[in-house]
Amino acid sequence: MTTGSRREVLGMGAGLAAAGVAAGFSARAFAAPRKIGYAVVGLGYYATRQILPNFANCEQSRLVALVSGTPSKLEQYGAQYGIPRTHRYNYAEFDRIRDNPDIDAVYVVLPNSLHAEYTIRAAQAGKHVLCEKPMATSVAECQAMIAACRKAGKKLMIGYRSRFEPYNRLAIELARGGHVGPTRLVTAEHGFPIQPDQWRLDKALSGGGSMMDIGIYSLNAARYLTGEEPVEVSAVESTDRADPRFRTVEDRVSFVLRFPSGVQANCISSYSSSHNAYRVHGTQGWIAMEPATPYTGQAMTIRKDGVTAPRTLPPPARNQFAGQLDHLAECVLTGGAPIVAGEEGLADMRIIEAIYRSAAERRIVELKA
Ligand code: NAD
């Protein structure tokens, strides 16, 4: 844990180190006895552009194995990252990771419908799991993943990288700490115009449309900014089924979450317009993030007592990708619980299912505690 005081966190000169306090994640690495070895499963865009390069920025994690169905990718990335042939696997051989003591954890970076299968097989092979968002395609799958990891005595963490990103951690601290007064309303919007011909547009592989893929950032932000679980949701969906991209998945969803304290969150999810922002409205002002959850370049503006000013933080020692990888490593090494464990992914999935139900049945859906 960092030792930043509350005054440091809330003061205009607040440093980055303090920003992790409320988020339950230390911005600084601890002195690890050894590095945790990861096998990365699925060598697509996110894995190869963001995850593999960021092992170089980790303090407690190292890349030790690769899993892919494409031999040329195993050859290319194996050579690039110095992974020996003995540590390169195809999907049919995946269960053999059980016999590789260098692999402590598996990072599942596959299309959503494969998350449950590979998480469960990894746990059964005796490995900890970091699984990409959305955790799976249904509540039932999320529950099965949690049960499998629990039975194997292994950690399960979901790839909610923003929880390891300094501006988002500061936003959590400020919002929950009442920096602009008690929160009354949160707005959150995420979307991008999706390109055709990809697995995200095939419900069998994605589990759903924009809501599963990008709207989940609005949902997750509403939950982490308030620190509350919604008690009801209402949603409206708009999809042009004549658009070939949207034969099986939804395009736009607007949803409203009502929280126990009375806070309301108005959220947008879209596959046909660009959004990446949220705003926390308190009784004395607001905290705005735009962009809020990109890979780099977050920007924060605060309006408090009639004064509007940007808020900037120094560059972090570890970026969100390395912070995420090292957090699971630290949990493995210390026996701690991930701040974004499987239960966090399950919580989002329960609400996503309720959002779909609300939109389909055109009614408010209550969420049980
Ligand atoms: P991608 O299409 O670039 O990569 C998917 C990989 O899975 C490809 O290498 C593909 O060959 C492989 N694959 C294996 N079996 C497949 C099958 N049956 N059908 C299709 N592909 C198959 O996708 P991506 O953008 O890398 O997304 C992968 C996962 O990572 C998704 O769950 C996505 O939500 C998540 N993701 C997270 C973030 C983030 O910021 N946290 C960003 C992008 C993607």
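Fair warning: this is a prediction, and the values are worked out from it, not measured in the lab.

Asks: Honestly, the nonpolar core in this entry has me stumped. Any pointers?
Replies: Nonpolar side chains tend to gather and get buried jointly when the protein is soluble and globular. Judged by nonpolar contacts, the single largest core of 109 residues is most densely connected at Val40 and Phe255. Looking at this core element by element, the count peaks at 10 residues for helix α8 (residues 210-226). Those residues within four positions of Val40 in sequence are excluded, and the remaining contacts are Ala47, Ile51, Leu52, Phe55, Leu63, Ala65, Leu66, Val67, Tyr107 and Val109.

Asks: How should the sheet that holds strand β2 (residues 61-67) be read in this particular structure?
Replies: With parallel pairing, the 6 strands of this open sheet are ordered in space as β3-β2-β1-β4-β5-β6. Each edge of the open sheet is held by one strand with a lone partner, namely β3 (88-89) and β6 (156-158). Bridge count for β2 against β3 is 2 bridges, and the pairing is parallel. Paired with Val67 across the two strands is Tyr89, which belongs to β3.

Asks: Help me out: how do you make sense of helix α9 (residues 320-334) in this one?
Replies: Count 3.6 residues to each turn of an α-helix, and residues three or four apart come out pointing the same way. With 15 residues, α9 extends 20 Å between its outermost C-alpha atoms, agreeing within 8% with the 21 Å of an ideal straight helix rising 1.5 Å per residue. For α9, a buried count of 12 out of 15 residues is recorded, marking the element as mostly surrounded by other parts of the structure. Burial in α9 covers these residues: Gln320, Phe321, Ala322, Gly323, Gln324, Leu325, Asp326, His327, Leu328, Ala329, Cys331 and Val332. Where α9 is buried, its residues meet β1 (36-41), α2 (45-54), β2, β4 (105-108), β5 (128-131) and β6. By the N-cap criterion, in which a side-chain oxygen at the helix start approaches the backbone nitrogen of a residue two or three places on, α9 is capped by Asn319, the distance to Phe321 being 3.1 Å. Immediately beyond the C-terminal end of α9, within one or two residues, lies Gly335, with a positive phi of roughly 80°.

Asks: Looking at this structure, how should I read the site of the ligand?
Replies: Neighbouring residues of the ligand: 23 residues in total, closest Tyr45, Asn112, Lys133, Arg161 and Trp199. Within the side chain of His115, one N or O atom sits 2.9 Å away from an oxygen atom of the ligand. Tyr217 is positioned with one of its side-chain polar atoms (N or O) 3.0 Å from an oxygen atom of the ligand. Surface burial for the ligand is 78%, taken as the share of its 830 Å² of free accessible area covered by protein chains. Looking at the shell around the ligand, the elements with two or more residues in it are α2 and α8. Here the shell around the ligand spans two domains, and each of domain 1 (6-162 + 322-341) and domain 2 (163-313 + 348-366) adds at least three residues to it.

Analysis parameters
Residues numbered from 1 in each chain as written. Predicted model: local features only at pLDDT ≥ 70, side-chain atom pairs only at ≥ 80, totals over all residues. Heavy atoms only, no water. Core = buried A, V, L, I, M, F, W, Y, C linked by side-chain atoms within 4.5 Å. Buried < 20%, exposed > 50% of the residue type's maximum accessible area, 1.4 Å probe, protein only. Helix = DSSP H or I, 4+ residues; strand = E, 2+ residues; numbered from the N terminus. Contact = heavy atoms within 4.5 Å. Pairing = 2+ DSSP bridges. Expected span 1.5 Å × (residues − 1). Polar contact = N/O pair within 3.5 Å; in protein donor to acceptor, adjacent residues only side chain to side chain. Near = heavy atom within 4 Å. Areas by Shrake-Rupley, 256 points an atom, 1.4 Å probe, with all protein chains shown as cover. Domains from an automatic or database assignment.

In short, the description is geometric, and any link to function would need to be established separately.
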